[in-house]
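An overview of the molecular structure
Single-letter residue listing:
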Amino acid sequence: SIANFDDTFLTYMMDGMKAWGKSHPGEVELTFTDAKEDMAKQLDQVENFIVQKMDAVIIVPVDTSATAPMTKNIMAKGIKAVYVNRNPGNLPEGAYYVGSEEVVAGRLQMEYLGEKLKGKGNVAILMGKLDNEGALKRTVGNEEIQKTKFPGIKILDKQTGQWQRNEGLAKTEDWLNRFGKDIHAILANNDDMALGAIQALKDKKRTDVIVLGVDATPDALTSVSKGELSATVFQDAAGQGGGGVEVAVKAARGQKV
């Protein structure tokens, strides 16, 4: 059950899942459902998987804070639960998570920005969905490095762009109207929001604002090569997807994971 088929990163992650399946013919049969960022829909999808007696259920959760009932229901039927990309935290023994250490991406962004701004300047942060661990931890990583290494950098504002490009554009337009020349950089929790911010900057003919993303999606790498996006932190979409399926298959076979 995938949180959102329209999310760019999650599309590449699903490609990684399918690629693992293709490279291990006859070992796994994959069924994908789109939760469309609706927690109730995701709960229904998981219940259906339980009824269908799947060997394992892989979930990219809509809301990481609301996963405990799903995990409990899956495991109660002897089915393996594997979470990918969005970490619910506090998983019971026998449930699994495959993904990045989110706080590290935030630290890497602010380390890069601090050097770029020579330790002084004003930054705004585009956060992902506020019920997602990635949004919270990446921002914590930003703030951690700002406080400990770059106190001369000021965080002007933090707003959620819901992981979406159009929201990143809208929030950046608002910041440009409010802060004018006083905004020097935008840190985005993912590339799609960063690319939205870049579009807003282009519309205002502002080439003086540094923008950083996370994920290293193909669109973002193209933007970096054009000199628009300053940098992006690599997160391995295909690796997480393939890794999620590998863990699910091994766990379902009773192998040590």
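Anything mentioned here points back to the structure above.
Residues numbered from 1 in each chain as written. Predicted model: local features only at pLDDT ≥ 70, side-chain atom pairs only at ≥ 80, totals over all residues. Heavy atoms only, no water.

1. Observations regarding the packing of helix α4 (residues 102–116) against helix α5 (residues 133–149)
For the pair α4 and α5, the least separation of the axes is 7 Å and the interaxial angle reads 40 degrees. It follows that α4 is oblique to α5 by the angle criterion. Between α4 and α5 lies a crossing whose hand is right-handed. Between α4 and α5, the residues in contact are Glu102, Val103, Ala105, Gly106, Arg107, Gln109, Met110 and Glu111 and Glu133, Gly134, Lys137, Arg138, Val140, Gly141, Asn142, Glu144, Ile145, Gln146 and Lys149, respectively. Residues of the contact of α4 with α5, tallied by class, amount to 5 nonpolar, 6 polar and 8 charged. (Axes fitted to C-alpha atoms, helices over the stretch in contact; angles between N-to-C directions. Helix = DSSP H or I, 4+ residues; strand = E, 2+ residues; numbered from the N terminus. Parallel < 35°, antiparallel > 145°, perpendicular 65-115°, else oblique. Left-handed = near helix turned anticlockwise from the far one by under 90°. Contact = heavy atoms within 4.5 Å. Nonpolar A, V, L, I, M, F, W, Y, C, P; charged D, E, K, R; others polar.)

2. Considering the packing of helix α2 (residues 39–51) against helix α3 (residues 68–76)
Where α2 meets α3, the closest approach of the two axes is 10 Å, and the angle between their N-to-C directions is 5 degrees. Classified by the angle their axes make, α2 and α3 are roughly parallel. On α3, the residues that touch Met39, Gln42, Leu43, Val46, Glu47 and Ile50 of α2 are Met70, Asn73 and Ile74. Looking at side-chain class alone, the contact of α2 with α3 contains 6 nonpolar, 2 polar and 1 charged residues.

3. Some details on the packing of aromatic side chains
Within the structure shown, the criterion is met by 0 aromatic pairs. Positioned above the aromatic ring of Phe32 is the side chain of Lys18, whose terminal nitrogen or guanidinium carbon lies 5.2 Å from the ring centre. (Phe/Tyr/Trp six-rings, centres within 6.5 Å; stacked < 30°, edge-to-face > 60°. Lys NZ or Arg CZ within 6 Å of the ring centre and 35° of its normal.)

4. Some words on the sheet that holds strand β6 (residues 185–188)
Strand pairs in the sheet, formed through backbone hydrogen bonds, run parallel or antiparallel to each other. Across the sheet, which stays open at both edges, the 5 strands sit in the order β5-β4-β6-β7-β8 with parallel pairing between neighbours. Edge strands, defined here as strands with exactly one partner in the open sheet, are β5 (153–160) and β8 (231–234). Neighbouring strand axes in the sheet, compared pairwise and without regard to direction, differ in orientation by 20 degrees on average. Inspection of the sheet shows strand β7 (residues 210–215) paired to β8 by 4 bridges, in the parallel sense. Bridged to Gly213 within β8 is Thr232. Its contacts with the sheet put α4 on β4 (121–127), β5, β6, β7 and β8, and the angle it makes with β7 is roughly 160 degrees. Seen against the sheet, helix α7 (residues 191–203) touches β4, β6, β7 and β8 and runs at an angle of roughly 155 degrees to β7. (Pairing = 2+ DSSP bridges.)

5. Observations concerning unusual backbone geometry
Of note, the phi angle at Asn85 is positive, near 75 degrees, even though the residue is not glycine. Locating Asn85 in the fold gives a position in the loop between β2 (80–84) and β3 (95–98). Using a relative accessible area of 8% as the deciding quantity, one classes Asn85 as buried. Phi at Asn90 is positive, roughly 50 degrees, even though this residue is not glycine. Structurally, Asn90 is set in the loop between β2 and β3. (Buried < 20%, exposed > 50% of the residue type's maximum accessible area, 1.4 Å probe, protein only.)

6. What to know about the pattern of salt bridges
All chains considered together, the criterion is met by 18 salt bridges. Residue Asp34 pairs with Lys36 through a salt bridge whose shortest N-O separation is 3.5 Å. Because the salt bridges share partners, they merge into one network encompassing Glu37, Arg86, Lys129 and Asp131. (Salt bridge = Lys/Arg side-chain N within 4 Å of Asp/Glu carboxyl O.)

No statement about biological role is implied by the geometric values presented.
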